[in-house]
Amino acid sequence: MSVKSIDAELGEALFRYINGSSETLPEKLKTKEGLARAIAYLQKQYGYSPSKVIEILKAKKQQLQQKEKNIAVETGVQPQQTVVSQEKQIVEPHVTVQNMQAETDKRGKVFNLFTWGSCRYGALKAYYPRYVDFEAWTRRGGTHETEIPGVCKISYTNNDSNKNMHRYVEIVDIYSPMVIKYYGNSSCSYSFEEVYVVTKRDGKIVYEEPEVKTESVVEERGKYRVTLEKRYVELDGKKVYIDEREVEKVVIPEKLRVTLKKQNDRILVVGDTFHVKDKLKALGFKWDPLEKAWYTTSGDIETLKTKLEQKLGDTGIQVEIQQ
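Reference entry: report on the structure contained in this document. (Residues numbered from 1 in each chain as written. Predicted model: local features only at pLDDT ≥ 70, side-chain atom pairs only at ≥ 80, totals over all residues. Heavy atoms only, no water.)

## Considerations on the sheet that holds strand β12 (residues 238–251)
What links the strands of a sheet is backbone hydrogen bonding, and the strands pair in either a parallel or an antiparallel sense. Ordered in space as β10-β11-β12, the three strands form an open sheet in which the pairing is antiparallel. The strands lining the two open edges of the sheet, one partner per strand, are β10 (213–221) and β12. On average, adjacent strands in this sheet sit at an angle of 25 degrees to one another, irrespective of strand direction. (Pairing = 2+ DSSP bridges. Helix = DSSP H or I, 4+ residues; strand = E, 2+ residues; numbered from the N terminus. Axes fitted to C-alpha atoms, helices over the stretch in contact; angles between N-to-C directions.)

Here you go:
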């Protein structure tokens with residue numbers, strides 16, 4: 001079996017265990033080497049950080065301890081093999097994971113930018129002091145250090161395959177405080193998001209998790225009035241927006257305009273006709289897919305304009321004739 005196949009076997013076994021589809025930790029993951037390789041696989045393929053694995057293993061340990069207590073209460077006998085042995089499986093690798101996390105902290109926070117299949121991905125973006133998509137700055141294969149003018153300096157490794165993105169990015173220096181977001185899907189059903197304010201203290205890059213706030217904003221965008229739910233963090237008294245979600249989108253009738261014009265023996269109606277198509281049908285107009293316009297061969301243009309205005313009533317939609 002190849003090295004990649006072994007890593008995949010170990011990683012998937014750990015993935016099944018921490019996600020609850022397997023109740024026991026496989027023997028191969030009780031060694032330091034096996035666990036380290038499994039964690040590396042999870043980070044590369046699913047975006048799980050070592051700290052995330054630690055949290056899950058802690059939770060597993062607590063569940064087993066509670067199960068042991070329940071058994072003791074129900075039977076009056078302390079279990080000697082089942083739960084105790086399973087708890088030992090968690091305790092032993094837990095020390096290894098802590099050591100691995102300590103090494104990661106010493107090196108600095110590393111972000112995994114990846115794509116895998118149709119729904120798994122990891123992305124890193126900055127929103128302050130200006131917008132930066134780190135994917136665009138890490139396209140060169142191999143290991144490099146590059147400067148993003150006015151923002152920061154990064155070190156990255158690009159191991160992209162023909163089909164997927166596999167990159168590791170570390171911020172090694174900054175020129176002003178930053179607001180960044182690391183997010184994505186580690187599986188088709190599990191998403192993750194980490195928002196940080198990045199500062200520099202005593203020559204060291206520091207990551208702090210700020211409070212993410214939400215506000216509702218109504219904006220006019222072209223012919224539409226859009227209600228948005230915007231998320232932001234506060235930095236030095238300023239709002240730094242990190243994303244937005246469209247809640248409602250309604251047309252502004254006063255900004256709609258339809259125009260009648262003559263074409264040989266026909267009268268065409270063009271413009272924002274989608275919003276008045278029912279009115280046009282009621283007046284006998286038909287759709288011409290080639291012209292992408294409504295047309296009629298009966299009536300004069302002034303009369304049709306008057307009838308259409310009457311149909312539209314006080315909607316505010318403007319009707320005009322092309323001279």
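After that view of the structure, there is still more to cover.
## Some words on the pairing of β12
A regular strand carries its side chains on alternate faces of the sheet. Relative to β12, strand β11 (residues 224–235) runs antiparallel, the two being bridged by 12 bridges. By the bridge assignment for β12, valine 226 is matched with lysine 249. Here β11 folds back onto β12, and the loop between the two strands holds two residues, one of which, aspartate 236, carries a positive phi near 55 degrees.

## A closer look at the nonpolar core
Phe134, Cys152, Met178 and Ile180 are the most contacted members of the largest nonpolar core, which totals 24 residues. Membership of the second largest hydrophobic core comes to 18 residues, among which are Phe15, Leu29, Leu35 and Tyr41. (Core = buried A, V, L, I, M, F, W, Y, C linked by side-chain atoms within 4.5 Å. Buried < 20%, exposed > 50% of the residue type's maximum accessible area, 1.4 Å probe, protein only.)

## Regarding helix α2 (residues 32–46)
Taking 1.5 Å of rise per residue, 15 residues should cover 21 Å, and α2 covers 21 Å from first to last C-alpha, within 8% of that figure. Considered for burial, the residues of α2 that qualify are Gly34, Leu35, Ala38, Ile39, Tyr41, Leu42, Gln43, Gln45 and Tyr46. Looking at where α2 begins, the residue whose side-chain oxygen comes 3.0 Å from the main-chain nitrogen of glycine 34 is threonine 31. Once α2 finishes, glycine 47 follows within two positions and takes phi at roughly 80 degrees, a positive value. (Expected span 1.5 Å × (residues − 1). Polar contact = N/O pair within 3.5 Å; in protein donor to acceptor, adjacent residues only side chain to side chain.)

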